[in-house]
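Residue-level structure breakdown
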Amino acid sequence: MSSGKRVPFKNPVIEWIDQRLPLFTMLEKEYGSFPTPKNFNYLWNFGAIATFMLAVMIATGIFLAMEYTPSTDHAFNSVERIMRDVNWGWLIRYVHMNGASMFFVAVFVHMFRGMYYGSFKAPRELLWMLGVATFLLMMATAFMGYVLPWGQMSFWGATVITNLFSAIPVIGDDIVIWLWGGFSVDNPTLNRFFALHYLLPFVIVAVVVLHVAALHVSGSNNPTGVEPKSSKDTVPFHPYYTAKDSFGLLIFIIVYAAVVFWAPNSMGHPDNYTPANPMVTPAHIVPEWYFLPFYAILRAFTIDITIPFTSIVVISSKLGGVILMFGAIAVLFLLPWLDRSPVRSGTYRPLFKIFFWVFLAVCITLGWVGKNPPEGIYVIIGQIATAWYFIHFLIVLPLLTKYEKPLPLPASISEAVKRKGAR
Amino acid sequence: MKPGMSDDECCGGGCHEPLVAKKECCGGDCGNCENCDCNKKSGKQGCGPDCKCARGAVDAERRDFLVLTAGAMGGVGAAAVAWPLIHSMNPAADVLALATTEVDLSQVKEGQSLTTVWRGKPVFIRHRTQKEIEEARAVAMGDLKDPQSDEDRVKQSKFNGQDMPQWLVMVGVCTHLGCVPLGQKPTDPHGDYDGWFCPCHGSQYDSSGRIRKGPAPTNLEVPPYQFTDATHIKIG
């Protein structure tokens, strides 16, 4: 804290506080005059949008927790009570429920933007990894939140996902019993999921604080991927990006509100309005849409790998699927060391650009496969798409790093902006 | 150090020179002046305030030992504190107390099934017909994905030394992803092997509950159970 270099504030109250704790100086430095590349496109809105969604989820979640009862006897009914009897309960719940989907929408756009423009490259590797950690925490939080209403999909989703851990050799079954706190998904499981579902968002906040702190050390990447060279290349964060982020956020909120008011159950499953019944399995268990690509990867591994000429299984199809699914996220952590092309932005990488769109298509395909039953053609398509997911990261990106000839980079952000304006 | 005295005067021009009454001259700060290597470390002469070695050289080995042993003790302590927290998440005494289920089978006629709950999971108890038993026993081991004889699967079904292979007892949870297979009711689909059919991903189990077709890796699990008399069974 360099309180010696502080610029005094005119307001005496603010000044009194700032002398003792320079919060306002920090805000001014990080969000007021913070120099930000002047050429952001609308894809750069989604960090702010994701932060907004995190705040919405925590705010609505706290009020839902005041009405919710984490007990197998009461959970389903307490959610129905929120929907029917609690003042505005239906609104708070629909905002929370669809908020999870919208949060994932924002984060997916944010991640693909980072991949396309090389935002994960030096010196922003740790920034990227903190983001992937946030994503992982979000997945855990969303999964546990989906269990809380204790409908059929809640129960069977929890059963299938916790059963994944039984694939771990030797200790797998004990781990599953430990996760459950019993011998099946039951009351102890529901209670701990509620406790963790309340805790993890605050862990996410902590990781996001680190994510933003790291961002403010390196500064933002931008659509050219060329670092700002002079003050001509940047504008102060306020009012330029406070305004642009607010505009983007409002558009996003319009879409969000449309879903909440007109199609609040479009992304849910009707089965989850049937109370959980451990004796009857729904005919078709599917996770929420944002997990579908990973669900497809989980199911892509269909053969047991055995020691040749024996029937001793080294990696069962179940374990193989679990390894692939976690590998699909682990590979994201490694991305800064897989794509080492010195050119950040996909705009100046003619080959990378093609592979990026193929990769996006593969991810969407995986989502579509995950939604469908693992039979017939879906199995084959799922396996090809899963293979390509890993080929993209482990083979295509390193090869492009080596052999791709990028286009010439602009000398500076200003030059790129002018050239675009002249066209 | 006495006021007004320079470092050189104080320590006699350098640490390596033995000095009489050095403690007095340096105000007690000089310590083991004769052993020190302050010239190497700080490049300064004497025992002045800049000299890092006034208190003697660090015994690196001793310090490592202390750091490692203290760290190890701390680690053991942390683990000892963590264990009650971790173990609290394992099944509690009341959950374990419900770990056995007793069922009266006197009303289950031949060809009928009963589903009961054990440890929160469905358990299938089937009073098999002679035809089903024969079918199960006629299968060659080579045809099975998870080879196990029917005799082996019902070996716990006995009372007073008498085998009762008509009673098939299994956990009704598909070994693929945990769904509950169909086949307990006469109107349910039974698959191609006169047993159970899992609607989730199409696994088919035979009349001994062994996996015959579909993605499930193993046979339906047989829980530990025993007959307490000819018509009562205790599961778990």
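Everything numeric here is computed off the predicted structure, so don't read it as measured data.

Further remarks concern the overall build of chain B. A tally of helices and strands in chain B yields seven helices and eleven strands. For chain B, contacts bridging at least 24 residues in sequence account for 49% of all contacts bridging at least 6. Here chain B displays about 13100 Å² of accessible surface, and carbon together with sulfur accounts for 55% of that area.

Below, the discussion takes up the overall build of chain A. Looking only at helices and strands, one finds 15 helices and four strands in chain A. For a compact globule of 423 residues, the expected C-alpha radius of gyration is about 22 Å, and chain A comes in at 24 Å, within 12% of that figure. Considering only C-alpha atoms, chain A reaches an extent of 65 × 60 × 40 Å along its principal axes. Out of the 423 residues belonging to chain A, those deemed buried represent 49%. Taking the intrachain contacts of chain A between residues at least 6 apart in sequence as the baseline, contacts between residues at least 24 apart amount to 78%. Across chain A, the centroid of the 29 positively charged side chains sits 15 Å from that of the 22 negatively charged ones.

Ranked by size, the top nonpolar core spans 119 residues in total, and within it Met-115, Tyr-389 and Phe-393 of chain A carry the most contacts. The leading source of residues in this core is helix α5 (residues 89–116) of chain A, at 13 residues. Setting aside residues no more than four positions away along its own chain, Phe-393 of chain A makes contact with Met-115, Val-331, Leu-332, Leu-335, Leu-338, Phe-359 and Pro-398 of chain A. Formed by 14 residues, the second largest nonpolar core is a distinct cluster that contains Val-103, Trp-118, Met-164 and Phe-227 of chain B.

Comment: phi is negative for the bulk of residues other than glycine, and the bulk of peptide bonds are trans. For the bond running from Ala-122 of chain A to Pro-123 of chain A, omega is 5°, close enough to zero to count as cis. Mapped onto the elements of the fold, Pro-123 of chain A is located in the loop between α5 and α6 (125–147). Residue Pro-239 of chain A is reached from His-238 of chain A by a cis peptide bond, and omega for that bond is 5°. Secondary-structure assignment places Pro-239 of chain A in helix α10 (residues 237–262). Of note in the backbone geometry, Trp-88 of chain A takes a positive phi value of approximately 60° without being a glycine. Following the sequence through the fold, Trp-88 of chain A ends up in the loop between α4 (75–84) and α5. Note on Trp-88 of chain A: relative accessible area 57%, which makes it exposed. For Asn-160 of chain B, which is not glycine, the phi dihedral falls at a positive 55°. Considering the arrangement of structural elements, one finds Asn-160 of chain B in the loop between β4 (158–159) and β5 (162–163).

Attention shifts here to the state of the cysteines. All names here are of chain B. Scanning the model with the defined rule gives zero disulfides over all chains in all. Cys-174 takes part in no disulfide bond, and the closest cysteine sulfur, belonging to Cys-198, lies 3.9 Å away. Residue class for Cys-174 comes out buried when judged on its relative accessible area of 3%.

Where interface size is given, it is often the accessible area lost as the parts come together that is meant. Each partner contributes residues to the interface: chain A has 23 residues there, and chain B has 24 residues. Counting the surface lost from both chain A and chain B, the interface buries some 2000 Å², and carbon and sulfur atoms represent 66% of this. The three residues of chain A that bury the most area against chain B are Trp-178, Phe-183 and Met-279 of chain A, which together make up 36% of that side's buried surface. On inspection of chain A and its partner chain B, the count reaches zero salt bridges. Linking chain A to chain B there are five residue pairs in polar contact (both at pLDDT 80 or more). For the side of chain A that touches chain B, the leading source of residues is helix α7 (residues 152–163) of chain A, giving four residues. Considering only residue class, the side of chain A that touches chain B consists of 14 nonpolar, six polar and three charged.

Reading the values: rules and limits
Residues numbered from 1 in each chain as written. Chains lettered and ligands numbered in written order. Predicted model: local features only at pLDDT ≥ 70, side-chain atom pairs only at ≥ 80, totals over all residues. Heavy atoms only, no water. Helix = DSSP H or I, 4+ residues; strand = E, 2+ residues; numbered from the N terminus. Contact = heavy atoms within 4.5 Å. Areas by Shrake-Rupley, 256 points an atom, 1.4 Å probe, with all protein chains shown as cover. Rg over C-alpha atoms; globule rule 2.2 N^0.38 Å. Buried < 20%, exposed > 50% of the residue type's maximum accessible area, 1.4 Å probe, protein only. Lys, Arg positive; Asp, Glu negative; His and termini not counted. Charge placed at Lys NZ, Arg CZ, Asp CG, Glu CD. Core = buried A, V, L, I, M, F, W, Y, C linked by side-chain atoms within 4.5 Å. Disulfide = S-S within 2.5 Å. Buried area = accessible area lost by both parts, 1.4 Å probe. Salt bridge = Lys/Arg side-chain N within 4 Å of Asp/Glu carboxyl O. Polar contact = N/O pair within 3.5 Å; in protein donor to acceptor, adjacent residues only side chain to side chain. Nonpolar A, V, L, I, M, F, W, Y, C, P; charged D, E, K, R; others polar.

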